[in-house]
Amino acid sequence: MPIATPEVYAEMLDRAKQDGFAYPAINVTSSQTLNAALRGFAEAESDGIIQVSTGGAEYLSGAPVKDMVVGSVALAEFARVVAERYPVNIALHTDHCPKDKLDGFMRPLVKISQDRVARGEEPLFQSHMWDGSAVPLEENLEIAAELIEECAKARVIMEMEIGVVGGEEDGVANEINEKLYTTTGDALATVEAVGLGEKGRYILAATFGNVHGVYKPGAVKLRPEVLKELQDAVGAKYNKTKPFDLVFHGGSGSTLEEIREALSYGVVKMNIDTDTQYAFTRPVAAHMFANYDGVLKVDGEVGNKKKYDPRSWGKAAEEAMATRIVTACENLLSAGKKLK
């Protein structure tokens with residue numbers, strides 16, 4: 001199937017909300033991790049979201065280039081070609097964009113999509129994330145109000161964050177403190193600033209103790225009931241049931257019980273990065289240790305070309321990452337639920 005159109009993406013999110021499941025949103029940094037994500041979604045018979053962060057986009061452009069827009073465009077164009085060979089719908093998304101990178105990442109990509117739409121084409125990406133968690137809420141919402149208007153012109157969905165995800169991702173670090181829990185006041189202020197869809201569709205990363213990085217189950221103190229409190233408070237004021245389409249960030253180390261509870265409160269997207277990074281790298285490390293005398297020219301020998309050919313270990317990495325994505329789809333209940 002081709003990359004999801006705006007209409008198909010909207011249907012994907014609506015169906016997830018209605019049926020109580022969420023899509024894994026898989027961060028990729030290369031054509032091979034993209035292929036692994038496509039393979040995982042296809043094997044799980046799940047539609048899905050593939051996303052790129054600022055650092056991932058920069059990496060994709062090549063070390064000498066280091067251009068986030070170039071890397072993003074390259075990924076999107078490559079994905080458009082290869083995704084057609086897989087029987088699932090895939091939406092393309094850009095991950096966390098802080099204030100200081102708006103002009104070098106999100107804004108130019110939205111402009112590219114606006115130009116494409118003006119020519120009668122589909123937008124380049126289906127959604128973009130504005131991460132205003134590092135600035136005061138008032139400023140966060142002022143910028144969000146401006147960005148959602150531009151996203152609507154491009155026929156793309158905006159993701160925004162209120163509250164703070166702890167830990168570190170792509171060089172952005174946040175303390176683990178009370179700011180990890182979004183308040184009902186934050187949620188109500190959000191609706192006042194960007195509406196409930198009438199100004200443009202958005203998905204909301206509200207925080208309930210989320211932390212980026214590597215943690216064992218139980219180490220992160222999640223409070224999924226915070227999401228219910230937000231939905232109930234806004235729903236009561238605007239007479240809507242579960243008014244927000246929610247996003248779950250920093251999910252590594254979460255228990256299955258916590259994940260499923262979050263789904264019941266309207267989570268439709270869960271970011272997966274740390275776990276798939278490890279899944280991709282682990283078989284590569286095993287290959288290198290098991291075949292060190294083949295991948296290295298030890299004591300002046302010639303090594304073994306079949307062992308240092310990147311395809312020999314790349315295939316194993318791709319398969320392992322795809323398997324982890326299947327598990328994610330099962331955990332989030334999207335497996336077997338692709339749109340027909």
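Just above sits the structure.
Residues numbered from 1 in each chain as written. Predicted model: local features only at pLDDT ≥ 70, side-chain atom pairs only at ≥ 80, totals over all residues. Heavy atoms only, no water.

Trainee: I would appreciate a short explanation of the packing of helix α7 (residues 184–194) against helix α8 (residues 225–238) in the present structure.
Mentor: Helix-helix packing: each pair is described by the crossing angle between the helix axes and the interaxial distance. Put simply, α7 and α8 touch, their axes get as near as 9 Å, and they point 45° apart. What the angle tells us is that α7 and α8 run oblique. The hand of the α7/α8 crossing is right-handed. Where α7 abuts α8, its residues Thr-184, Ala-187, Leu-188, Val-191 and Glu-192 lie against Glu-229, Leu-230, Ala-233, Val-234, Lys-237 and Tyr-238. Taken together, the residues that form the contact of α7 with α8 break down as 7 nonpolar, 1 polar and 3 charged. (Axes fitted to C-alpha atoms, helices over the stretch in contact; angles between N-to-C directions. Helix = DSSP H or I, 4+ residues; strand = E, 2+ residues; numbered from the N terminus. Parallel < 35°, antiparallel > 145°, perpendicular 65-115°, else oblique. Left-handed = near helix turned anticlockwise from the far one by under 90°. Contact = heavy atoms within 4.5 Å. Nonpolar A, V, L, I, M, F, W, Y, C, P; charged D, E, K, R; others polar.)

Trainee: Explanation requested: the environment of Gly-294 in the structure shown.
Mentor: One can find Gly-294 in helix α11 (residues 292–295). Residues Gly-294 and Ile-50, 244 residues apart in the sequence, show an inter-C-alpha distance of 35 Å. With residues up to four places along the chain from it excluded, the contact list for Gly-294 reads Gly-303, Asn-304, Lys-307 and Tyr-308.

Trainee: Mind showing me how you'd approach the pairing of strand β3 (residues 90–94) here?
Mentor: Consecutive residues of a regular strand have side chains that alternate between opposite faces of the sheet. Judged by how many residues are buried, β3 sits mostly within the fold: 5 of 5 residues are covered. Alternating residues of β3 divide into Ile-90, Leu-92 and Thr-94 and Ala-91 and His-93, and every residue in both groups is buried. Pairing analysis gives 5 bridges linking strand β2 (residues 48–52) to β3, with the strands arranged parallel. Note that in β3 the partner of Ile-49 across the bridge is Ala-91. As paired elements, β3 and strand β4 (residues 127–130) share 2 bridges and run parallel to each other. (Buried < 20%, exposed > 50% of the residue type's maximum accessible area, 1.4 Å probe, protein only. Pairing = 2+ DSSP bridges.)

Trainee: Just checking my understanding: could you explain the nonpolar core for this structure?
Mentor: Soluble globular proteins tend to bury their nonpolar side chains together. Membership of the largest hydrophobic core comes to 77 residues, with the highest contact counts inside it found for Ile-50, Met-106, Trp-130, Met-158, Met-160, Tyr-202 and Phe-244. Beyond its immediate sequence surroundings of up to four residues, Phe-244 is in contact with Lys-17, Ala-187, Val-191, Leu-196, Tyr-202, Leu-204, Leu-230, Gln-231, Val-234 and Gly-266. (Core = buried A, V, L, I, M, F, W, Y, C linked by side-chain atoms within 4.5 Å.)

Trainee: Would you explain the packing of aromatic side chains in this entry?
Mentor: The relative placement of two aromatic rings is captured by the distance of their centres and the angle of their planes. Under the definition given, this model contains 2 aromatic pairs. Aromatic side chains Phe-21 and Tyr-23 sit 5.3 Å apart centroid to centroid with 85° between the ring planes, which places their arrangement in the edge-to-face category. Here Tyr-23 falls in the buried class, since its relative accessible area comes to 0%. Relative to Phe-248, the ring of Phe-208 lies with its centre 4.9 Å away and its plane at 65°, an arrangement referred to as edge-to-face. In this pair, Phe-208 is assigned in the loop between β8 (202–206) and α8 and Phe-248 in strand β9 (residues 246–248), connecting sequence segments 40 residues apart. For Phe-248, a relative accessible area of 1% corresponds to the buried category. (Phe/Tyr/Trp six-rings, centres within 6.5 Å; stacked < 30°, edge-to-face > 60°.)

Trainee: I keep staring at unusual backbone geometry and nothing clicks. Help me out?
Mentor: Unlike most non-glycine residues, Lys-66 shows phi in positive territory, near 50°. Backbone geometry places Lys-242, a non-glycine residue, at a positive phi of 45°. Mapped onto the elements of the fold, Lys-242 is located in the loop between α8 and β9. On the accessibility criterion, Lys-242 (33% relative accessible area) is partly exposed.

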